[in-house]
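Observations on the three-dimensional arrangement
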Amino acid sequence: MTNQVKIFDTTLRDGEQALPASLSGKEKLRIALALERLGVDIIEAGFPVSSPGDFESVRSIAREVKNATVCGLARAVPADIEACAKALNVADHFRIHTFIATSEIHVGAKLRKSQDEVVDMAVAAVELARNATDDVEFSCEDAGRTHIDYLCRMVEAAIDAGASTVNIPDTVGYTTPTEFGGIISQLFNRVPNIDKAIISVHCHNDLGLAVANSLAAIEAGARQVECTVNGIGERAGNCSLEEIAMILKTRQDMLGLTTGIDTTEISRTSKLVSQLCNMPVQANKAIVGANAFSHSSGIHQDGVLKAQNTYEIMTPESVGINKNNLNLTSRSGRHVIKHRLSELGYKTSDYDLEAVYTAFLKLADAKGTVYDYDLEALLFFDQQKHEAAYYKLLYLQANSGREIIPSATVKLAVGEQEITRAATGNGPVDAAYEAIKDILGHPEIDIVDFTLDSKGEGADALAQVSVIAEYKGRRFHGIGLATDIVEAGVNALIYVLNNTHIADQIDHHKSQQEQVAGV
Ligand SMILES: CC(=O)SCCNC(=O)CCNC(=O)[C@H](O)C(C)(C)COP(=O)(O)OP(=O)(O)OC[C@H]1O[C@@H](n2cnc3c(N)ncnc32)[C@H](O)[C@@H]1OP(=O)(O)O
Ligand SMILES: CC(C)C(=O)C(=O)O
């Protein structure tokens, strides 16, 4: 038996069935070309009989893709198979994939046929498809819930009729890995002509077992796996391509199997599919989630800094990500702070690690993730022993209501000065921001995001405002907490202003040092 597992991608067929809006022909072609670059063996491009649009996109993919076999899906009826052949015959090499359900519930309730009639339909469909191509795949839909005797009979008949690939789908994601692996083993033991076809699997994720079931089937002898990028597909989705490909690569030591996938293409293909399909990838998704190569706790970060494989079983580069991500949070330790500061160009002699770490923990507890800029600001405070904020709120009065124009009066300490201004706005926060902009006299701060949240429960909850502002081409984040929403908003803006002030001082300090160094 070969040790090469064929990757059959059905992102454009089963994946597309689950999308909130269908993909255009151009978008499908872009994805098909990305799949070809990724190195998949077979691209299931669509279901040609289902609509003129799908027919055309299968045809254009068949025309453009050269290094993968292009495939179309067809029910076990002549019209579907003929449409498939017509859409695909522009390709150098194409596959017709025909299917019919075999489980008792599908045969009886859905198809309303006898088991014998369904075998006859399958055989006729495979034979008709063989008139158009040698490469015919047959699927026993809902094989996972099909009686094993009938499944063996159907597989044998399909191979005899000329199917070169027989696919065993767990259509509703019902089986468990031991059970599904057992079904594949039984087919190998009981179907006499089984070695004349490649056994394929197509697992759905209703119980979160699509990848585990596919792996169990591969271990039992299946040599084609049907999967989709990011695991998208009907209901809870399909076996995820990136997961099964990385399992086979990462555990080649144990499994001894290979695929044709260029795994360094995984990340960008995943992003393309997510973006075009408007299907965001959850952060903790294996391989392609935003957190898949992020380390957030001190013990892990220290380990990874000492030897990356302490907590990484594959490298980010192997899936096309530049580098891992070490998030600075209140769970981080001193090693990662030292490391990040050294990446930012600071020597250990530039700062007092204990003082910076204490201030870091306080900030991380208050705001969650600490970004590079926050860290530099902490360092600057440490270097300068700079206690007092440059901007301070001294007085705030805001008026708003149903029949009045919202207005606010703000008094700020700006360094040594105290300045008061009043303004109107769309609401009381906007009025207070206008008054502050007037005090500053530099309207180059742009608020790009303003988020209001509540901290605590019920009427005692504190308002927390988070503001992102753009200043001199950089983004600054500020948070403000108060019992009053307007005051929380003003505090968040003042937080940003103090950071921009520190940034100006850091820039000034750096340029002075460069002048001294003669750069
Ligand atoms: C498990 C899977 O993911 S299978 C793929 C699912 N994908 C899709 O269904 C998307 C594409 N489908 C379509 O565009 C449409 O459903 C079409 C064009 C295929 C058929 O549309 P319609 O003719 O209007 O039929 P409709 O979809 O309502 O019902 C399906 C019919 O096909 C029959 N059928 C279902 N599967 C098969 C099969 N594999 N072989 C033969 N007949 C089948 C059903 O019994 C039903 O027949 P009936 O009309 O005699 O009761
Ligand atoms: C057509 C078959 C392969 C299918 O999509 C399924 O059974 O889920």
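Residues numbered from 1 in each chain as written. Chains lettered and ligands numbered in written order. Predicted model: local features only at pLDDT ≥ 70, side-chain atom pairs only at ≥ 80, totals over all residues.

Glancing now at the UniProt feature "binding site: Mn(2+)" (unreviewed entry) in the chain. Listed under "binding site: Mn(2+)" (unreviewed entry) in the UniProt record, and renumbered for this structure, are Asp14, His202, His204 and Asn238. The greatest C-alpha distance among the residues just named is 10.2 Å, despite their covering 225 residues of sequence, which places them together in space. Within the element layout of this structure, histidine 204 appears in the loop between strand S7 (198–203) and helix H9 (210–219). Non-local contacts of histidine 204, meaning those with residues more than four positions away in its chain, are made with Asp170, Thr171, Val172, Gly173, Ala210, Gly233, Glu234, Arg235, Ala236 and Asn238. Locating asparagine 238 in the fold gives a position in the loop between strand S8 (224–227) and helix H10 (241–250). Among residues more than four places away in sequence, those in contact with asparagine 238 are Thr10, Asp14, Gly15, Cys203, His204, Asn205, Ala210, Cys227, Thr228, Gly231 and Gly233. (UniProt positions renumbered as here; feature names shortened; annotations may be inferred. Helix = DSSP H or I, 4+ residues; strand = E, 2+ residues; numbered from the N terminus. Contact = placed C-beta atoms within 7 Å.)

So, about the sheet that holds strand S1 (residues 6–9). Here 8 strands make up a closed barrel; going around it, the order is S1-S2-S3-S4-S5-S6-S7-S8 and the pairing parallel. Along the sheet, successive strands turn relative to each other by an average axial angle of 25 degrees, direction set aside. In the sheet, S1 pairs with strand S2 (residues 42–46) via 2 bridges, with the strands oriented parallel. Each residue of the ladder has a partner; that of phenylalanine 8, found in S2, is isoleucine 42. Packed onto the sheet, helix H4 (residues 78–88) meets strand S3 (69–75) and strand S4 (94–101) and runs at close to 160 degrees relative to S3. (Pairing = 2+ DSSP bridges. Axes fitted to C-alpha atoms, helices over the stretch in contact; angles between N-to-C directions.)

Around ligand 1, the structure places 15 residues, and the nearest of them are Phe47, Ser50, Arg75, Ala76 and Ile100. Among the secondary structure elements, those contributing two or more residues to the shell around ligand 1 are S4 and helix H5 (104–111). Class assignment for the residues of the shell around ligand 1 results in 7 nonpolar, 3 polar and 5 charged. (Near = placed C-beta within 6 Å. Nonpolar A, V, L, I, M, F, W, Y, C, P; charged D, E, K, R; others polar.)

Running from N to C, helix H17 (residues 428–440) and helix H18 (residues 485–517) cross one another at 35 degrees; their axes reach a closest spacing of 9 Å. In this structure, the crossing between H17 and H18 has a hand that is right-handed. Where H17 abuts H18, its residues Pro428, Val429, Ala432, Tyr433 and Ile436 lie against Val486, Gly489, Val490 and Leu493. Classifying every residue of the contact of H17 with H18 by side-chain character gives 8 nonpolar, 1 polar and no charged. (Left-handed = near helix turned anticlockwise from the far one by under 90°.)

On to the nonpolar core, then. If you look at the biggest cluster of nonpolar residues, it comprises 96 residues, and the most contacted ones within it are Ile43, Ala62, Val70, Ala122, Val225 and Ile244. Apart from the residues within four sequence positions on either side, alanine 62 is in contact with Ala45, Val70, Ala87, Leu88, Val90, Ala91 and Phe94. Among the nonpolar cores identified, the runner-up in size contains 26 residues, and Ala408, Ala431, Ala469 and Phe476 belong to it. (Core = buried A, V, L, I, M, F, W, Y, C linked by C-beta atoms within 7 Å. Buried ≥ 20, exposed ≤ 12 C-beta atoms within 10 Å, placed from the backbone.)

We now examine the site of ligand 2. In the vicinity of ligand 2, the residues found are Asp14, Phe99, Ser139, Glu141, Asn167, Pro169, Thr171, His202 and His204. At the level of secondary structure, the elements contributing two or more residues to the shell around ligand 2 comprise strand S5 (136–141) and strand S6 (165–170). When grouped by side-chain class, the residues that make up the shell around ligand 2 number 2 nonpolar, 5 polar and 2 charged.

Let us now look at the domain arrangement of the chain. By domain assignment, the chain separates into domain 1 (6–277), domain 2 (297–379) and domain 3 (391–515). Each of domain 1 and domain 3 has a C-alpha centre, and these two points are 56 Å apart. (Domains from an automatic or database assignment.)

This next bit is on the UniProt feature "domain: Pyruvate carboxyltransferase" (unreviewed entry) in the chain. According to UniProt, the "domain: Pyruvate carboxyltransferase" (unreviewed entry) feature falls on residues 5–267. Secondary structure content for residues 5–267 is 47% helix and 17% strand, while the C-alpha to C-alpha distance between its ends is 21 Å.

Another point: the confidence of the model for the chain. Averaged over every residue, the pLDDT of the chain is 93; residues scoring 70 or more account for 96%. As scored by the predictor, the complex reaches a pTM of 0.79 and an ipTM of 0.98. (pLDDT = per-residue confidence, 0-100.)

We now examine the sheet that holds strand S12 (residues 407–414). In space, the 3 strands of this open sheet follow the order S11-S12-S13, with antiparallel pairing throughout. At either end of the open sheet lies a strand with only one pairing partner, and these are strand S11 (391–399) and strand S13 (417–424). Here the average twist between neighbouring strands, direction ignored, is 15 degrees. In the sheet, S12 pairs with S13 via 8 bridges, with the strands oriented antiparallel. If you follow valine 410 over to S13, its bridge partner there is arginine 421. Sitting on the sheet, H17 touches S11, S12 and S13, and the angle it makes with S12 is about 40 degrees. Packing of H18 onto the sheet brings it into contact with S11 and S12, and relative to S11 it is tilted by some 150 degrees.

Right, let's get into the environment of leucine 257. By secondary structure assignment, the location of leucine 257 is in the loop between helix H11 (252–255) and helix H12 (266–277). Look at leucine 257 and you get partly exposed, because 17 C-beta atoms sit within 10 Å. Spatially, the C-alpha atom of leucine 257 lies 56 Å from that of leucine 481, the residues being 224 residues apart in sequence. The residues touching leucine 257, leaving out its near neighbours within four places in the chain, are Asn3, Val5, Ile218, Leu248 and Gln252.

So, on to H17. With 13 residues, H17 ought to run about 18 Å at 1.5 Å a step, and its terminal C-alpha atoms sit 18 Å apart, in line with that. Those residues of H17 lying buried are Pro428, Val429, Ala431, Ala432, Tyr433, Glu434, Ala435, Ile436 and Ile439. Against the buried residues of H17 lie S11, S12, S13 and H18. (Expected span 1.5 Å × (residues − 1).)

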